[in-house]
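Structural characterization, general
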Amino acid sequence: MRIAVTGSIATDHLMTFPGRFTDQLVADQLHTVSLSFLVDNLDVRRGGVGANIAFGMGVLGTRPILVGAAGADFDDYRAWLDRHGVDTGSVRISEVLHTARFVCTTDADHNQIGSFYTGAMSEARLIELQSVAERVGGLDLVSIGADDPEAMLRHTEECRARSIPFAADFSQQIARMNGEEIRILLDGATYLFSNEYEKGLIETKTGWSDEEILSKVGHRVTTLGARGVRVERAGHDPIEVGCAEEERKADPTGVGDAFRAGFLSGLAWGVGLERAAQVGCMLATLVIETVGTQEYTLRRTHFMDRFTKAYGDEAAAEVRVHLS
């Protein structure tokens, strides 16, 4: 099963300031702030929704096709993804813009000052999925993740026009979207991904009830934080899967992307929805135990031992043949 993953490709530049921002602000001079901070460290991490999901699928061995836009500074990042099983041949490289970048400084009170540079991400709207399909011999599913909003709309419309099954995954972009845009992006989706808060936001912005949305999508996949995930289909009982036991909680960033990577990999393997959700939850557990969205290591024996403990021998036997 050939799955294309569209979405943002970015790097995060994270710095720590040992003092407090509030100590540097002068009350009667806030109209003309000019400050610089000497920081203790700089942590550069690979990120972006599309790249995070594709990385997770790559380490699970399902060879996803990453579709997005980056700058000429993408070479090292591309090599990393290639080495971890991601097909990066459909990433558009901008001739004038840098790869999207998030720059953030955190102070001693965990206050943050950050900026997000969209950069080359704005060129994702220029990517034609048909050219991607022709390059790889056809597409069985396109996951449309948070990206340039125009790109998300274009990819969705092209999937409908070409009868390519697609997954709608608004993620961080849902806050800036209006109800009409959300209705366009989810109508006819084979899968609709969201967390529990986003689920309510989708219903509020579209004016559609849960039942109406279920009638417009094939499957509604809602992550529930520490409670796991729920998969719903119209006319069927919901499937609920709990999380695997954590060894530690290091950083929640990228956990949702990891779940999607595991779930989509399960679909690529052809296992059922429950098994796919279990794989997603297990991979998400590895990410929450690691600082950084792509810094975890998937050791197959370790992964399967923990998967067996969480979901049982029968589930493990079904997954093991694909993972190994």
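Below: a short report on this structure. (Residues numbered from 1 in each chain as written. Predicted model: local features only at pLDDT ≥ 70, side-chain atom pairs only at ≥ 80, totals over all residues. Heavy atoms only, no water.)

**Concerning the overall build of the protein**
Definition in use: For helices the rule is a DSSP run of H or I covering at least 4 residues; for strands it is a run of E covering at least 2, with both sets numbered from the N terminus onward. Computation of the radius of gyration draws on C-alpha atoms, with the globule rule given as 2.2 Å multiplied by the number of residues to the power 0.38. Under the convention used here, a 1.4 Å probe and the Shrake-Rupley method define accessible areas, while residue burial counts only the protein chains that appear. Two residue types count as positive, namely Lys and Arg, and two as negative, namely Asp and Glu; His and chain ends fall outside the count. All charge positions are set by atom: Lys at NZ, Arg at CZ, Asp at CG, Glu at CD.
If you tally the helices and strands in the protein, you get 11 helices and 13 strands. In terms of overall dimensions, the protein is globule-like: its C-alpha atoms have a radius of gyration of 20 Å, near the 20 Å expected for 324 residues. Referenced to the eigenvectors of the C-alpha coordinate spread, the extents of the protein come out at roughly 60 × 45 × 40 Å. Surface summary for the protein: the accessible area is close to 14,700 Å², and the carbon and sulfur share equals 48%. Side chains of the protein carry 32 positive and 47 negative charges; the gap between the two charge centres is 3 Å.

**A few points about the packing of aromatic side chains**
Rules: Ring pairs shown here join Phe, Tyr and Trp side chains whose ring centres sit within 6.5 Å, with only the six-membered ring taken for Trp; geometry is labelled stacked below 30 degrees between planes, edge-to-face above 60, and tilted in between. Using a 1.4 Å probe on the protein chains alone, a residue whose accessible area is under 20% of its type maximum counts as buried, one over 50% counts as exposed, and one in between counts as partly exposed. We call a charge positioned over a ring when the NZ of a Lys or the CZ of an Arg lies within 6 Å of the ring centre and within 35 degrees of the ring normal.
Summed over the entire model, instances satisfying the criterion amount to 11 aromatic pairs. Judged by centre distance (5.6 Å) and plane angle (50 degrees), the ring pair of Phe 74 and Tyr 77 falls under tilted. With relative accessibility at 1%, the residue Phe 74 sits in the buried group. Taken together, the ring pairs in this structure connect Tyr 191, Phe 193, Phe 259 and Phe 263 into an aromatic cluster. Just above the ring of Trp 80 sits the side chain of Arg 46; from NZ or CZ to the centre is 3.7 Å.

**Digging into the sheet that holds strand β3 (residues 41–47)**
For clarity, the cut-off: The criterion for strand pairing is that DSSP finds at least two bridges linking the strands in question. Angular values range over 0 to 180 degrees, each being the angle between N-to-C directions of two axes fitted as lines to C-alpha atoms, with helices fitted over their stretch in contact.
Ordered by their spatial adjacency, four strands build an open sheet running β3-β2-β6-β7, and the pairing between neighbours is mixed. Whereas interior strands pair on both sides, the edge strands pair on one side only; in this sheet they are β3 and β7 (112–117). For this sheet the average axis-to-axis angle between neighbouring strands, irrespective of direction, equals 15 degrees. Of the strand pairs in this sheet, strand β6 (residues 100–106) and β7 are connected by six bridges, and their pairing is antiparallel.

**What to know about helix α9 (residues 273–288)**
Applicable threshold: In this scheme, a helix's expected span is set at 1.5 Å multiplied by one less than its residue total.
With 16 residues, α9 should cover 22 Å at 1.5 Å per step; its first-to-last C-alpha distance of 23 Å lies within 8% of that length. A large share of α9 lies buried, amounting to 15 of its 16 residues.

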